[in-house]
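Single-letter residue listing:
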Amino acid sequence: HAVRVAWLGSRTGKKLRIEVLDVSGRPAASIASDGKWFYFLSHAEQRFYKKRATDPSLKRIVLIPVKSSDIIALLGGRIPIREHNSVSVIRDSSGHTLILKAGFGTIRQKIYFDQSKTTIYKLEMFDMFGSLSYQAEFGKVKPVKGYPIPFHLKLSNDEEKGFQLRIDRY
């Protein structure tokens, strides 16, 4: 089902606030991170949750282990980059794939480019054991103040469960 969401993030990637709105436009839930704490408030259930976290995962809320800094980067037209020791590029019929690996050859990240090598259409993030954490697929990318911003973003986990964001305004 579709819900409306308003969000605000800092350029540093440490602060994030998401307001989930019900069908009448009133706040249904508030999610925030200030770089030290993670906050969740369910307005309907009057439930408040607070946990110390510098870059919290949103897994408990959206079922995908995406960090708040990753969400800010993706919605801001940037690609989050994991620590890595080696880089390789694979070319196939759909384009080029940049693969970032950590020690012992464990894949940390895959970034998929189109044939022109200028547009990223998909990103896969892996955990420290090389298992898929989540993938992000970008659609309707438009330039906003010099950044390629996705106006359609689909995030899913290794079980194909996830959510889609369709951005109306930036």
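Because the structure is a prediction, the values reported are computed rather than measured. Counting restarts for each chain: residues are numbered from 1 in the order of the written sequence. With the structure being a predicted model, the display of local features is reserved for residues of pLDDT at least 70 and the display and counting of side-chain atom pairs for 80 or more, all residues being used for whole-chain, interface and lining totals. With hydrogens and water stripped out, all remaining heavy atoms of the structure feed into the side-chain values.

(A) Broad picture of the confidence of the model for the protein chain. Confidence in the prediction of the protein chain, expressed as mean pLDDT, is 89, and 99% of residues score 70 or more. For the protein chain, the element scoring lowest by mean pLDDT is helix H1 (residues 59-62), at 81; strand E8 (residues 107-113) scores highest, at 97. Along the chain, pLDDT gives the predictor's confidence residue by residue, from 0 to 100. By definition, any uninterrupted DSSP run of H or I lasting at least four residues is a helix, any uninterrupted run of E lasting at least two residues is a strand, and each is numbered from the N terminus.

(B) Seen up close, the pairing of strand E9 (residues 120-126). Here E9 lies mainly inside the structure; 5 of its 7 residues are buried. Two strands are counted as paired when DSSP detects at least two bridges linking them. Of the strand pairs in this sheet, E8 and E9 are connected by 5 bridges, and their pairing is antiparallel. Looking across to E9, one finds that Gln 109 is bridged to Met 125. In sequence, E8 turns back onto E9 through a hairpin of 6 residues, with Lys 117 there showing a positive phi of about 65°. Pairing of E9 with strand E10 (residues 132-144), which is carried by 5 bridges, proceeds in the antiparallel orientation. What sits directly across from Glu 124, in E10, is Gln 135. Between the end of E9 and the start of E10, which pair antiparallel, lie 5 residues, with Gly 130 showing a positive phi angle near 90°. We call a residue buried when its accessible area falls under 20% of the maximum for its residue type, exposed when it is over 50%, and partly exposed in between, using a 1.4 Å probe and counting protein chains only.

(C) Spatial organisation of the pattern of salt bridges. One side-chain nitrogen of Lys or Arg within 4 Å of one carboxyl oxygen of Asp or Glu is enough to make a salt bridge. Per the counting criterion, the structure on display carries 6 salt bridges. Among the salt bridges present, the one from Glu 45 reaches Arg 47, with a minimum N-O distance of 3.2 Å. Notably, a salt bridge pairs Lys 161 with Glu 159, separated by 3.8 Å at the nearest N-O pair.

(D) View of the pairing of strand E4 (residues 37-42). A one-sided burial pattern is seen for E4, the buried positions being Phe 38, Phe 40 and Ser 42 and the unburied ones Trp 37, Tyr 39 and Leu 41. Note: strand E3 (residues 27-33) against E4, 5 bridges, orientation antiparallel. Counterpart to Ala 29 in the pairing with E4 is Ser 42. Examined bridge by bridge, E4 and strand E5 (residues 47-52) share 6 bridges and lie antiparallel to one another. Across the sheet, the residue bridging to Phe 40 is Tyr 49, located in E5. Following E4, the chain reverses through 4 residues before pairing antiparallel with E5; Gln 46 in that reversal takes a positive phi of roughly 50°.

(E) Looking closely at the side chain of Glu 19. Along the polypeptide, Glu 19 turns up in strand E2 (residues 16-21). Here a polar contact is taken to be a pair of N or O atoms separated by no more than 3.5 Å, where protein atoms must pair a possible hydrogen donor with a possible acceptor and residues adjacent in sequence count only if both atoms sit in side chains. Within polar-contact distance, the side chain of Glu 19 engages the side chain of Arg 17 at 2.6 Å. Among the polar contacts made by the side chain of Glu 19, one reaches the side chain of Ser 30 at a distance of 2.8 Å.

(F) Highlighting the sheet that holds strand E6 (residues 86-92). The strand order across the open sheet built from 7 strands is E6-E7-E8-E9-E10-E11-E12, with neighbouring strands paired in antiparallel fashion. The sheet is open, and its two borders are formed by E6 and strand E12 (162-166), each paired with just one other strand. Here the average twist between neighbouring strands, direction ignored, is 20°. Bridge count for strand E11 (residues 147-156) against E12 is 5 bridges, and the pairing is antiparallel. What sits directly across from Leu 155, in E12, is Phe 163. Relative to E11, helix H2 (residues 68-75) is tilted by about 135°, and along the sheet it contacts E9, E10, E11 and E12. Simply put, an axis is a line fit to the C-alpha atoms, just over the touching stretch for a helix, and the angle between two N-to-C directions goes from 0 to 180 degrees. It only takes one pair of heavy atoms within 4.5 Å for two residues to be counted as in contact.

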